[in-house]
Structures are given as C-alpha cells and as structure tokens.
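Residues per chain are reported as follows:
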Amino acid sequence: MAEATGNPEFITAAEAVKGLSYKPNNEELLTLYGLFKQSIVGDNDTPRPGMFDLQGRAKHDAWTKNKVSVPTVPACPGMSKEDAQAKYIAYVKELQAKP
C-alpha cells in the first residue's frame, strides 16, 4: 500500500515499523495508523463506527484527528498526504530511537 505513494522514504519507514525493537503501545500504534491512513487516503470522510466497536472508533478517531476542522469553512481539507508522509517518517525515526 505504501508503494502507491511513490515516496521511497515513506515506503522504507512503513517497512521499518515492522522491525521495531519493541512493540509500540496503543497510543503509538494509533498515531502510526492515523498518519499512515492520512498519507495513503487523505481526509477521513467515513462514518464513525458504532459505540460497541471500540477498536474501530479508536482507529477512526486517530485518522480523523489529522483533518483540520475550521467551523467557518466546512470543506476545509486536512493535512496533505505529503505532510502526513513527512510526519509519519519523522515519527518512525522517533520510535526507532527509543531503547
């Protein structure tokens, strides 16, 4: 999926996550998920999962927080795919530096 971006550094970072020296905690995993989805798909326009789908809601919220909400401009786009890729790459490097 990351290959579709054509960004070799993003592709490398997406592969590097699989080989981290430790298992990221839930917050880190959700941050990775949200940035990855924003990088690949863009803004999240899907409906929020039902209240009994806790994992689905958490993932949905992690992705949606990358969308900027401007009350006066309802169609305001969120973080660009390129910006999300740059943040994803930086976050992976941050995780790799953890002991």
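The shown structure was predicted, so the numbers you read here are calculated from the model rather than taken from an experiment.

> An account of the nonpolar core is requested, with residue identities and associated values reported.
Judged by nonpolar contacts, the single largest core of 15 residues is most densely connected at Phe10, Leu32, Phe36 and Tyr88. Among the elements of the structure, helix H1 (8–17), helix H2 (26–40) and helix H4 (81–96) are those that each provide at least two residues to this core.

> I'd like a description of the layout of surface pockets, backed by residues and values.
Left-over empty space is what a probe sized like a water molecule reveals as it rolls over the atoms. Computed from the structure, the largest pocket encloses a volume of approximately 220 Å³. Val17, Asn26, Leu29, Leu30, Leu32, Tyr33, Phe36, Gln55, Ala58, Lys59 and Tyr88 together form the lining of the largest pocket. Of all elements in the fold, only H2 and helix H3 (54–64) reach the threshold of two or more residues within the lining of the largest pocket. In terms of residue count, the dominant contributor to the lining of the largest pocket is H2 (six residues). Partitioned by chemical class, the residues of the lining of the largest pocket number eight nonpolar, two polar and one charged.

> Report on the packing of H1 against H4, specifying residues and quantitative values.
Between H1 and H4, the least distance of the axes is 9 Å, while the angle of their chain directions is 40 degrees. Classified by the angle their axes make, H1 and H4 are oblique. In this structure, H1 meets H4 at a crossing whose hand is left-handed. On H4, the residues that touch Glu9, Phe10, Ala13, Ala14, Ala16 and Val17 of H1 are Gln85, Tyr88, Ile89, Val92, Lys93 and Gln96. Of the residues assigned to the contact of H1 with H4, the class counts are eight nonpolar, two polar and two charged.

> Report on the environment of Asn66, specifying residues and quantitative values.
For Asn66, the location among the structural elements is in the loop between H3 and H4. Looking at Asn66, the relative accessible area reads 8%, which means it is buried. The spatial distance from the C-alpha of Asn66 to the C-alpha of Met79 is 5.9 Å, given a sequence separation of 13 residues. Setting aside residues up to four positions removed in sequence, Asn66 forms contacts with Gly34, Leu35, Gln38, Gly78 and Met79.

> Describe the confidence of the model for the chain, listing the residues and the values that go with them.
Where the model shows low pLDDT, its predicted coordinates should not be examined in detail. On average, residues of the chain score 87 in pLDDT, and 89% of them are at 70 or above. For the chain, per-element mean pLDDT is lowest for H3, which scores 92, and highest for H1, which scores 95.

Cut-offs and rules
Residues numbered from 1 in each chain as written. Predicted model: local features only at pLDDT ≥ 70, side-chain atom pairs only at ≥ 80, totals over all residues. Heavy atoms only, no water. Core = buried A, V, L, I, M, F, W, Y, C linked by side-chain atoms within 4.5 Å. Buried < 20%, exposed > 50% of the residue type's maximum accessible area, 1.4 Å probe, protein only. Helix = DSSP H or I, 4+ residues; strand = E, 2+ residues; numbered from the N terminus. 1 Å grid on protein atoms, 1.4 Å probe; cavity = no way out; pocket = protein on both sides within 12 Å on 5 of 7 lines; lining within 4 Å. Points joined across faces, edges and corners; volume = space filled by probe spheres on them. Nonpolar A, V, L, I, M, F, W, Y, C, P; charged D, E, K, R; others polar. Axes fitted to C-alpha atoms, helices over the stretch in contact; angles between N-to-C directions. Parallel < 35°, antiparallel > 145°, perpendicular 65-115°, else oblique. Left-handed = near helix turned anticlockwise from the far one by under 90°. Contact = heavy atoms within 4.5 Å. pLDDT = per-residue confidence, 0-100.

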